[in-house]
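Read off the chains here:
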Amino acid sequence: MSSSNLETIRSLAEQDYKWGFITDIEEERVPKGLDEKTVRLISAKKNEPEFMLQWRLKALHHWQSLEKAQAEPTWANIKYPPIDYQEIVYYSAPKKKVNLEKLEDLDPEILRTYEKLGIPLLEQKRLAGVAVDAVFDSVSVGTTFKEKLSEIGVIFCSFSEAVQKHPELIQKYLGSVVPHTDNFFAALNAAVFTDGSFVYVPKGVRCPLELSTYFRINAADTGQFERTLIIADEGAYVSYLEGCTAPIRDQNQLHAAVVELIALDNAQIKYSTVQNWYPGDKEGKGGIYNFVTKRGKCQGVNSKISWTQVETGSAITWKYPSCILQGDNSVGEFYSVALTNNYQQADTGTKMIHIGKNSRSTVVSKGISAGHGQNTYRGQVKIMKGATGARNYTQCDSLLIGDKCGAHTFPYIEVRNSTARMEHEASTSKIGEDQLFYLRQRGLSAEDAVSMIVNGFCKRVFKELPMEFAVEAQKLLGVSLEGSVG
Amino acid sequence: MSLLEIKNLHASVDGHEILKGIDLTINAGEVHSIMGPNGSGKSTLAQVLSRHPAYEVTQGQAIYNGKDLLEMKPEEAACEGIFLAFQYPVEIPGIGNAYFLRSALNAIRKYRGEDEMDAIDFLPMFREKLKLLEMDDKLMSRSVNEGFSGGEKKRNEILQMAVLEPKLAILDETDSGLDIDALKIVAKGVNALRNSERAMLVVTHYQRLLNYIVPDFVHVLVDGRIVRSGGKELALELEEKGYVFETEARQAMLA
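On a predicted model such as this, the values are computed, not experimentally measured, just so you know. (Residues numbered from 1 in each chain as written. Chains lettered and ligands numbered in written order. Predicted model: local features only at pLDDT ≥ 70, side-chain atom pairs only at ≥ 80, totals over all residues.)

With respect to the overall build of chain A
Stage number 1. The secondary structure content of chain A amounts to 12 helices and 23 strands.
Stage number 2. Each of the 486 residues in chain A was classed as buried or not, and the buried ones make up 56%.
Stage number 3. Long-range pairs, those at least 24 residues apart, make up 82% of the contacts in chain A with a sequence separation of at least 6. (Helix = DSSP H or I, 4+ residues; strand = E, 2+ residues; numbered from the N terminus. Buried ≥ 20, exposed ≤ 12 C-beta atoms within 10 Å, placed from the backbone. Contact = placed C-beta atoms within 7 Å.)

Here is the structure:
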């Protein structure tokens, strides 16, 4: 490839992180380190009922045994120095003067932060369409449209509030999809998670708004451990969006979240993520370790769960949004774009576990590697004995930009029922000089040409995103979306 | 002033000199044909003039429309009105044809300080051009060149040319891989675009294309130099005698 084209690609891949500012607010934080005291302190600060404390302690003890056994997972295709879990602050919250009843009571600094990020919470109240829950460091700072949603029985609030107001739902569903014993980071999260979002959509209700959570890590040396729980009761529908950013800091910060989705009979959950945590600088210094467990359970018949993710941030990404297809005729979908540049590493993919009869799953993964980025797709499709007539389609494509990056694919397929139908397609391509020249010869700048090629490559996934998120995803990848023509 | 004036142009790729001193002058409204045996440098000339970054110009100059063409990036040359119909058009998965073409048109219009064209103005114009090339509407919502037959790809090149309305159109072996019916349609499209403002440089190995796109001038390229120039009858003569004759003549000249 000629030097001028490489130059362009480099500059495009090295665009600056625009969300790296720090908000100057007073914080309340607990001392560094993790033991039973920390967990009790967090639980007490949140004024939790006894069952929550006991649940956390069980998780803590499990995690401690894992740590002692050095059972932090090492199988992923990522490299990072050992994390000192005693050097992390497990709780940090903006100090608030009063108990927040109205959004207007929020610290103006925080409101300004969200405005800078493009999410004016107060504005959101007036604009129909999206209801936002904003999580700042460890706690949820405001949920818009709450009253409007409650009129139709939809509960959308911070996790802490749900623990207070709907303990029966929490007790019933918390940990039912991702138990604290699931993995190292899930155990850690269960012990110390501080907030997150909670959604319950009652029987037969189609949630009229896109629900959205915006996660922001602000404080230094903190980990963010949030937990999201979404329940769609029989025949319900909900679309949920999640966005993430963090300031630029030299130290790596840990983000170990858990997301649990539960879809009952004929229910549908659509979960979309645009993840743009600070990826570290050009030399690979700093950035977020994004070690996340996301899983949905299609518990009822004809239920459906779709994951759509656009991942451009984080120094290291380790996440596999998965579906347990338990109900007969249930459907699981996973659409993913993962971009790694500079020294970013991503090991991401999905698991589709087919239990119910005629359960179907679709996996479309698009990995883009630039700079020294390393991008791994890891996917598991498992057809259990009883899953007669199960079907899976997997498409897994990698695009390489430049000559120092890498793409890796690890598909695992396990079939225990001979009636299953499996399809797996994979491809690896490089943005070729010929492609670039063709577009430039038609008058497009080299930057626009690269954007267009990348955009075309990701189209199948972008189509699955709600409109406003598609726009953000497109901005993040530095591409222009297709217009109405063509 | 000529539209394009090339003097003593030398160009190499990966250190191999391909063009060894080209002199060529093209005026607005003229159709020139470059003919020559395989490996003589025909396609290289087309690529250099459209500013492919893989080719290094080592000597000489090319003045296009009063500006130094060799200083331009590919997109600048394109925006200044140079269009290359590719010998091997490239596929761009996931990008619709119509969208791509409107983006290209708007990039060019923006460069020239004109307003961008919205979909409402673009579509009727675009449909008109589709008819000219006898192309199916359905092809246009598909990705750029993806799944197109060889003939469809070549027709698509001329369609793009019709939409972008270049000042200088360079056709690189547009006839290769075309059956006679497709060739006639392509030629019809090209001829419809001939006018007193627009110049064309038609690169071809075979005389066949020139029965349909009749050139004003024919140049014979051998071993990186133009060894003979003449009118359209020169093409017929070449067809009869073959390039061997010209190659020998050139060797004799050098000896």
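Concerning the pairing of strand β6 (residues 197-201) of chain A
Residues and elements named next belong to chain A.
Stage number 1. The buried fraction of β6 is high, at 5 of 5 residues.
Stage number 2. On β6, burial covers both faces: Ser197, Val199 and Val201 on one face and Phe198 and Tyr200 on the other are all buried.
Stage number 3. The sheet contact formed by strand β5 (residues 155-158) and β6 spans 4 bridges and is antiparallel. Looking at β6, one finds that Cys157 is bridged to Phe198.
Stage number 4. Summarising the sheet, β6 and strand β8 (residues 227-232) pair through 4 bridges and their orientation is parallel. What sits directly across from Tyr200, in β8, is Ile231. (Pairing = 2+ DSSP bridges.)

Regarding the sheet that holds strand β3 (residues 31-35) of chain B
Residue and element names in this part refer to chain B.
Stage number 1. Spatial ordering of the open sheet is given by β6-β9-β10-β3-β11-β12, a layout of 6 strands whose pairing is mixed. Each having just a single partner strand, β6 (82-85) and β12 (225-230) make up the two edges of the open sheet. The sheet shows a mean angle of 20 degrees between the axes of neighbouring strands, taken without regard to direction.
Stage number 2. In this sheet, β12 lies alongside strand β11 (residues 217-222) in antiparallel orientation, the contact comprising 5 bridges. Paired with Leu221 across the two strands is Ile226, which belongs to β12.
Stage number 3. In the packing of helix α5 (residues 150-164) onto the sheet, the strands contacted are β6 and β9 (168-172), and the crossing angle to β6 comes to about 165 degrees. (Axes fitted to C-alpha atoms, helices over the stretch in contact; angles between N-to-C directions.)

Some points on the sheet that holds strand β1 (residues 4-13) of chain B
Residues and elements named next belong to chain B.
Stage number 1. Taken together, the 4 strands give an open sheet; going across it, the order is β2-β1-β4-β5, and neighbouring strands pair in antiparallel fashion. Lying at the two open borders of the sheet, with one neighbouring strand each, are β2 (16-26) and β5 (67-68).
Stage number 2. In this sheet, β5 lies alongside strand β4 (residues 56-64) in antiparallel orientation, the contact comprising 2 bridges. From the neighbouring strand, Tyr64 faces β5, where its bridge partner is Lys67.
Stage number 3. On top of the sheet, helix α1 (residues 42-49) reaches β1, β2 and β4; it is set at about 70 degrees to β2, its chief contact.

Notes on the nonpolar core
Stage number 1. Grouped together as the largest cluster of nonpolar side chains are 189 residues, with contacts concentrated most on A:Val199, A:Ala232, A:Val238 and B:Ile170.
Stage number 2. In terms of residue count, the dominant contributor to this core is helix α11 (residues 446-462) of chain A (10 residues).
Stage number 3. Beyond its immediate sequence surroundings of up to four residues, A:Ala232 is in contact with A:Val201, A:Tyr237, A:Val238, A:Ala263, A:Leu264, A:Ala267, A:Gln268 and A:Ile269. (Core = buried A, V, L, I, M, F, W, Y, C linked by C-beta atoms within 7 Å.)

Let's talk about helix α7 (residues 233-241) of chain B
Residue and element names in this part refer to chain B.
Stage number 1. Those residues of α7 that sit buried are Leu234, Ala235 and Leu238. Projection of α7 onto a plane perpendicular to its axis shows the buried side chains occupying an angular sector of 105 degrees, all on one side. Facing away from the buried side of α7 by more than 90 degrees, the exposed set consists of Glu233 and Glu240.
Stage number 2. Directly beyond the C-terminal end of α7, a positive phi value near 80 degrees is found at Gly242. (Arc of directions from axis to C-beta.)

Quick notes on the interface of chain B and chain A
Stage number 1. Listed per partner, the contact involves 31 residues of chain B and 25 residues of chain A.
Stage number 2. Elements with a contribution of two residues or more to the side of chain B that touches chain A: α2 (74-79), β7 (92-96), α3 (97-111) and α4 (119-132) of chain B.
Stage number 3. Of the residues forming the side of chain B that touches chain A, the biggest block, 8 residues, is contributed by α3(B).
Stage number 4. Residue composition of the side of chain B that touches chain A, by class: 20 nonpolar, 9 polar and 2 charged. (Nonpolar A, V, L, I, M, F, W, Y, C, P; charged D, E, K, R; others polar.)

Some details on the environment of A:Ile78
Residue and element names in this part refer to chain A.
Stage number 1. Relative to the elements of secondary structure, Ile78 occurs in the loop between α3 (50-68) and β2 (92-94).
Stage number 2. Look at Ile78 and you get partly exposed, because 19 C-beta atoms sit within 10 Å.
Stage number 3. Excluding residues within four positions of it along the chain, Ile78 makes contact with Ile316, Trp318, Gln345 and Asp347.

Here's the deal with the packing of α3(B) against α5(B)
Residue and element names in this part refer to chain B.
Stage number 1. One can describe the packing of α3 onto α5 by two numbers: an axis separation of 10 Å at closest approach and a directional angle of 35 degrees. In the crossing of α3 with α5, the sense of the turn from one axis to the other is right-handed. Contacts between α3 and α5 pair Leu101, Ala104, Leu105 and Ile108 from the former with Gln160, Val163 and Leu164 from the latter.
Stage number 2. Partitioning the contact of α3 with α5 into residue classes produces 6 nonpolar, 1 polar and no charged. (Left-handed = near helix turned anticlockwise from the far one by under 90°.)

This is a description of form; function is not addressed.
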